[in-house]
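Listed here are the chains, written in short residue letters.
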Amino acid sequence: MVTIPRQFNGPPDSGNGGWVCGLVAQERLAQDHTGPVTSRLRMPPPLDTPLAWEHDTDETRLVTHGGALVGTVGPGAFTREPPPFLDASVVEAGLAAYPGFTTHPFDQCFTCGTARGEGDGLRIFSGPVGDDLTAAPWTVHPSFAEADGTVGLPVAWAALDCPGGWAADFSVQPMVLGTMTAEVLSAPVAGETYHAVGQLAAREGRKFFTGTALYTPAGELVGRAEQVWIEIDIATFGS
(Lines give C-alpha, C1' and ligand atoms only; values in the text may rest on other atoms or scores of the structure.)
Protein backbone atom coordinates (compact mmCIF):
# COMPACT_ATOMS: atom_id res chain seq x y z
CA MET A 1 0.00 0.00 0.00
CA VAL A 2 1.34 3.44 -0.93
CA THR A 3 -0.09 6.92 -1.49
CA ILE A 4 1.20 10.06 -3.20
CA PRO A 5 0.73 12.89 -0.67
CA ARG A 6 -0.77 16.10 -2.05
CA GLN A 7 2.42 17.98 -1.19
CA PHE A 8 4.11 16.17 -4.10
CA ASN A 9 1.93 17.45 -6.92
CA GLY A 10 2.91 18.70 -10.35
CA PRO A 11 -0.29 19.84 -12.06
CA PRO A 12 -2.86 20.75 -9.38
CA ASP A 13 -4.54 17.35 -9.07
CA SER A 14 -1.83 14.87 -10.07
CA GLY A 15 1.55 13.79 -8.79
CA ASN A 16 4.81 15.50 -9.64
CA GLY A 17 6.23 13.42 -12.49
CA GLY A 18 9.78 13.26 -11.19
CA TRP A 19 8.72 12.49 -7.61
CA VAL A 20 6.38 9.69 -8.71
CA CYS A 21 8.93 8.26 -11.15
CA GLY A 22 11.45 8.32 -8.31
CA LEU A 23 9.00 6.59 -5.98
CA VAL A 24 8.52 3.80 -8.50
CA ALA A 25 12.28 3.64 -9.13
CA GLN A 26 12.92 3.36 -5.38
CA GLU A 27 10.62 0.36 -5.19
CA ARG A 28 12.46 -1.28 -8.10
CA LEU A 29 15.92 -0.55 -6.74
CA ALA A 30 14.88 -2.13 -3.46
CA GLN A 31 14.67 -5.40 -5.44
CA ASP A 32 18.51 -5.23 -5.85
CA HIS A 33 18.63 -3.68 -9.32
CA THR A 34 21.55 -1.30 -9.87
CA GLY A 35 22.37 1.38 -12.42
CA PRO A 36 19.95 3.65 -14.26
CA VAL A 37 16.28 2.72 -14.41
CA THR A 38 13.48 3.95 -16.64
CA SER A 39 10.12 4.99 -15.19
CA ARG A 40 7.06 5.57 -17.38
CA LEU A 41 3.86 7.29 -16.28
CA ARG A 42 0.73 5.78 -17.82
CA MET A 43 -1.87 8.16 -16.37
CA PRO A 44 -1.93 11.33 -14.24
CA PRO A 45 -0.80 9.98 -10.84
CA PRO A 46 -3.67 10.36 -8.36
CA LEU A 47 -3.03 12.17 -5.07
CA ASP A 48 -3.97 10.94 -1.59
CA THR A 49 -5.28 7.69 -3.07
CA PRO A 50 -4.30 4.18 -1.91
CA LEU A 51 -2.18 2.47 -4.58
CA ALA A 52 -0.49 -0.92 -4.77
CA TRP A 53 2.68 -2.52 -6.14
CA GLU A 54 3.01 -5.37 -8.62
CA HIS A 55 6.37 -7.03 -9.30
CA ASP A 56 7.77 -9.41 -11.85
CA THR A 57 11.27 -10.18 -13.12
CA ASP A 58 11.43 -7.38 -15.69
CA GLU A 59 9.17 -4.69 -14.29
CA THR A 60 7.65 -3.09 -11.20
CA ARG A 61 4.21 -1.50 -11.57
CA LEU A 62 2.24 1.03 -9.51
CA VAL A 63 -1.49 0.42 -9.87
CA THR A 64 -4.77 1.65 -8.47
CA HIS A 65 -6.92 -0.75 -6.47
CA GLY A 66 -9.19 -0.86 -9.50
CA GLY A 67 -6.28 -2.20 -11.56
CA ALA A 68 -5.48 0.96 -13.57
CA LEU A 69 -1.78 1.29 -14.37
CA VAL A 70 -0.22 4.46 -12.93
CA GLY A 71 3.46 3.87 -13.71
CA THR A 72 6.10 1.27 -14.48
CA VAL A 73 9.84 0.93 -13.99
CA GLY A 74 12.48 -1.39 -15.38
CA PRO A 75 16.17 -1.36 -16.31
CA GLY A 76 17.25 1.74 -18.23
CA ALA A 77 20.15 3.15 -20.21
CA PHE A 78 21.25 6.65 -21.19
CA THR A 79 21.45 7.66 -24.85
CA ARG A 80 23.33 10.97 -24.53
CA GLU A 81 26.00 12.67 -22.46
CA PRO A 82 24.63 14.60 -19.46
CA PRO A 83 24.22 18.36 -19.69
CA PRO A 84 27.49 20.12 -18.90
CA PHE A 85 28.53 21.54 -15.56
CA LEU A 86 27.85 25.28 -15.30
CA ASP A 87 29.54 27.49 -12.73
CA ALA A 88 27.88 29.59 -10.04
CA SER A 89 27.65 32.78 -12.10
CA VAL A 90 25.79 30.95 -14.87
CA VAL A 91 23.32 29.18 -12.57
CA GLU A 92 22.58 32.48 -10.84
CA ALA A 93 21.93 34.03 -14.26
CA GLY A 94 19.55 31.15 -15.00
CA LEU A 95 17.68 31.83 -11.77
CA ALA A 96 17.35 35.52 -12.65
CA ALA A 97 15.96 34.61 -16.10
CA TYR A 98 13.41 32.05 -14.88
CA PRO A 99 10.32 32.33 -17.15
CA GLY A 100 8.11 30.91 -14.41
CA PHE A 101 8.32 34.18 -12.48
CA THR A 102 6.15 35.68 -15.22
CA THR A 103 4.20 32.78 -16.76
CA HIS A 104 3.82 29.40 -15.08
CA PRO A 105 1.17 26.79 -15.98
CA PHE A 106 1.71 24.90 -12.68
CA ASP A 107 2.82 27.43 -10.09
CA GLN A 108 2.04 24.95 -7.28
CA CYS A 109 4.45 22.33 -8.72
CA PHE A 110 6.52 20.65 -5.99
CA THR A 111 9.78 21.10 -7.94
CA CYS A 112 9.51 24.44 -9.71
CA GLY A 113 6.37 26.17 -8.45
CA THR A 114 6.76 29.82 -7.51
CA ALA A 115 3.77 29.59 -5.16
CA ARG A 116 5.50 27.02 -2.94
CA GLY A 117 7.31 28.24 0.14
CA GLU A 118 10.72 27.28 1.51
CA GLY A 119 10.57 23.76 2.92
CA ASP A 120 7.27 23.05 1.16
CA GLY A 121 8.52 22.87 -2.44
CA LEU A 122 12.02 22.50 -3.90
CA ARG A 123 11.90 25.96 -5.56
CA ILE A 124 14.28 25.05 -8.39
CA PHE A 125 13.78 27.97 -10.77
CA SER A 126 15.66 27.08 -13.97
CA GLY A 127 16.02 29.80 -16.57
CA PRO A 128 17.65 29.88 -20.02
CA VAL A 129 21.41 30.38 -20.23
CA GLY A 130 21.94 29.75 -23.98
CA ASP A 131 22.60 26.71 -26.21
CA ASP A 132 19.24 25.07 -25.26
CA LEU A 133 20.38 24.99 -21.62
CA THR A 134 18.67 26.00 -18.40
CA ALA A 135 20.28 26.34 -15.00
CA ALA A 136 19.46 27.15 -11.39
CA PRO A 137 20.93 26.72 -7.92
CA TRP A 138 19.22 24.34 -5.51
CA THR A 139 19.86 24.62 -1.79
CA VAL A 140 18.40 21.54 -0.11
CA HIS A 141 16.03 22.53 2.68
CA PRO A 142 16.36 20.46 5.90
CA SER A 143 12.63 19.61 5.80
CA PHE A 144 13.33 17.16 2.94
CA ALA A 145 16.11 15.30 4.77
CA GLU A 146 15.82 11.76 6.04
CA ALA A 147 17.43 10.55 9.27
CA ASP A 148 20.91 10.48 7.75
CA GLY A 149 20.69 14.06 6.48
CA THR A 150 20.25 13.16 2.80
CA VAL A 151 17.12 13.31 0.66
CA GLY A 152 15.40 10.15 -0.55
CA LEU A 153 15.18 8.99 -4.13
CA PRO A 154 11.75 10.52 -4.91
CA VAL A 155 12.95 14.01 -3.92
CA ALA A 156 16.24 13.57 -5.80
CA TRP A 157 14.34 12.49 -8.94
CA ALA A 158 11.99 15.47 -8.51
CA ALA A 159 15.03 17.77 -8.47
CA LEU A 160 16.17 16.17 -11.75
CA ASP A 161 12.73 16.68 -13.30
CA CYS A 162 11.63 20.24 -14.12
CA PRO A 163 14.96 21.73 -15.28
CA GLY A 164 14.39 19.57 -18.36
CA GLY A 165 10.84 20.81 -18.81
CA TRP A 166 12.01 24.41 -18.63
CA ALA A 167 14.64 23.64 -21.28
CA ALA A 168 11.64 22.96 -23.52
CA ASP A 169 9.88 25.94 -21.85
CA PHE A 170 6.64 25.20 -20.01
CA SER A 171 5.59 28.82 -20.50
CA VAL A 172 5.35 28.34 -24.28
CA GLN A 173 3.62 24.94 -24.28
CA PRO A 174 2.38 23.17 -21.11
CA MET A 175 3.83 19.65 -20.82
CA VAL A 176 3.84 16.71 -18.46
CA LEU A 177 6.48 14.08 -17.92
CA GLY A 178 5.96 10.81 -19.81
CA THR A 179 9.23 8.90 -19.33
CA MET A 180 12.27 9.44 -17.13
CA THR A 181 15.53 7.50 -17.05
CA ALA A 182 17.72 8.51 -14.12
CA GLU A 183 20.52 7.53 -11.81
CA VAL A 184 21.44 9.20 -8.51
CA LEU A 185 25.16 8.69 -7.89
CA SER A 186 25.24 10.33 -4.45
CA ALA A 187 22.24 11.47 -2.42
CA PRO A 188 21.87 15.26 -2.11
CA VAL A 189 22.61 16.50 1.42
CA ALA A 190 20.44 18.91 3.40
CA GLY A 191 21.95 22.38 3.62
CA GLU A 192 24.17 21.92 0.57
CA THR A 193 23.75 23.83 -2.68
CA TYR A 194 23.77 22.10 -6.06
CA HIS A 195 23.81 23.27 -9.66
CA ALA A 196 20.77 22.03 -11.61
CA VAL A 197 21.17 21.99 -15.38
CA GLY A 198 18.63 21.12 -18.09
CA GLN A 199 19.12 20.66 -21.84
CA LEU A 200 16.71 20.32 -24.75
CA ALA A 201 17.90 17.60 -27.14
CA ALA A 202 15.09 17.30 -29.70
CA ARG A 203 11.40 17.73 -30.46
CA GLU A 204 9.16 15.32 -32.36
CA GLY A 205 5.60 16.59 -32.65
CA ARG A 206 4.13 16.78 -29.15
CA LYS A 207 7.19 15.08 -27.59
CA PHE A 208 10.22 16.91 -26.19
CA PHE A 209 13.45 15.04 -25.36
CA THR A 210 15.54 16.57 -22.60
CA GLY A 211 18.36 15.81 -20.21
CA THR A 212 19.15 17.08 -16.72
CA ALA A 213 22.00 16.88 -14.25
CA LEU A 214 22.81 17.88 -10.68
CA TYR A 215 26.36 18.89 -9.82
CA THR A 216 28.19 20.02 -6.71
CA PRO A 217 29.67 23.54 -6.94
CA ALA A 218 33.03 21.83 -7.57
CA GLY A 219 31.64 20.05 -10.64
CA GLU A 220 31.04 16.55 -9.24
CA LEU A 221 28.09 14.83 -10.92
CA VAL A 222 25.50 13.93 -8.27
CA GLY A 223 22.75 12.58 -10.54
CA ARG A 224 21.47 12.71 -14.09
CA ALA A 225 18.33 12.00 -16.08
CA GLU A 226 16.85 11.85 -19.57
CA GLN A 227 13.18 12.61 -20.09
CA VAL A 228 10.40 12.57 -22.62
CA TRP A 229 7.83 15.34 -22.10
CA ILE A 230 4.41 15.38 -23.76
CA GLU A 231 2.62 18.60 -24.69
CA ILE A 232 -0.89 18.79 -23.25
CA ASP A 233 -4.05 20.84 -23.36
CA ILE A 234 -4.47 22.01 -19.76
CA ALA A 235 -8.25 22.31 -20.23
CA THR A 236 -8.61 18.58 -20.91
CA PHE A 237 -5.63 17.14 -18.97
CA GLY A 238 -6.74 14.40 -16.59
CA SER A 239 -10.35 14.43 -17.77
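Residues numbered from 1 in each chain as written. Predicted model: local features only at pLDDT ≥ 70, side-chain atom pairs only at ≥ 80, totals over all residues. Heavy atoms only, no water.

Our next topic: the sheet that holds strand β9 (residues 207-215). With antiparallel pairing, 10 strands are arranged side by side in an open sheet as β2-β3-β4-β1-β7-β10-β9-β8-β6-β5. Edge strands, defined here as strands with exactly one partner in the open sheet, are β2 (51-55) and β5 (127-130). In this sheet, neighbouring strand axes are inclined to one another by 25° on average, regardless of whether the strands run parallel or antiparallel. Taken together, the seven bridges between strand β6 (residues 133-139) and strand β8 (residues 193-204) define a ladder with antiparallel strand orientation. Bridging across to β8, T134 finds its partner in G198. Lying over the sheet, helix α2 (residues 88-96) contacts β5, β6 and β8, oriented at roughly 100° with respect to β6. (Pairing = 2+ DSSP bridges. Helix = DSSP H or I, 4+ residues; strand = E, 2+ residues; numbered from the N terminus. Axes fitted to C-alpha atoms, helices over the stretch in contact; angles between N-to-C directions. Contact = heavy atoms within 4.5 Å.)

In this section: helix α1 (residues 17-29). Between its terminal C-alpha atoms α1 stretches 18 Å, which fits the 18 Å expected from 13 residues at 1.5 Å a residue. Most of α1 is tucked away: 11 of the 13 residues are buried. Taken together, the buried positions of α1 are G17, G18, W19, V20, C21, G22, L23, V24, A25, E27 and R28. Residues of α1 that are buried in the fold lie against β1 (37-41), β2, β3 (60-64), β4 (69-75), α3 (153-159) and β7 (175-184). The N-cap residue of α1 is N16: its side-chain oxygen and the backbone nitrogen of G18 are 3.1 Å apart. (Expected span 1.5 Å × (residues − 1). Buried < 20%, exposed > 50% of the residue type's maximum accessible area, 1.4 Å probe, protein only. Polar contact = N/O pair within 3.5 Å; in protein donor to acceptor, adjacent residues only side chain to side chain.)

With that settled, the discussion passes to the environment of P217. Of note, P217 is situated in the loop between β9 and β10 (221-231). Residue P217 is classed as exposed on the basis of its relative accessible area of 52%. Ignoring anything within four residues of it in the chain, the contact list for P217 reads F85, T193 and H195.

Under the counting rule described, the total for this entry stands at 11 aromatic pairs. On the basis of an interplanar angle of 5° and a centroid distance of 4.3 Å, the ring pair of F8 and W19 is categorised as stacked. Here F8 is found in the segment before α1, whereas its partner W19 is found in helix α1, with 11 residues between them in sequence. A relative accessible area of 12% means that F8 is categorised as buried. Arranged with centres 4.9 Å apart and planes meeting at 65°, the rings of Y98 and W166 form a pair that is edge-to-face. Within this pair, whereas Y98 is found in the loop between α2 and β5, its partner W166 is found in helix α4 (residues 162-168), the two being separated by 68 residues in sequence. Take W166: its relative accessible area is 3%, and that puts it in the buried class. Taken together, the ring pairs connect Y98, F101, F125, W166, F170 and W229 into an aromatic cluster. One residue, R224, lies across the ring of F78, its end atom 3.8 Å from the ring centre. (Phe/Tyr/Trp six-rings, centres within 6.5 Å; stacked < 30°, edge-to-face > 60°. Lys NZ or Arg CZ within 6 Å of the ring centre and 35° of its normal.)

With that settled, the discussion passes to the environment of T79. Note that T79 resides in the loop between β4 and α2. Overall, the relative accessible area of 64% leaves T79 in the exposed class. For the pair T79 and G211, spaced 132 residues apart in the sequence, the C-alpha separation amounts to 9.9 Å. At 3.5 Å, the side chain of T79 forms a polar contact with the side chain of R80. Within the local environment of T79, its side chain forms a polar contact with the side chain of E226, the two groups lying 3.0 Å apart.

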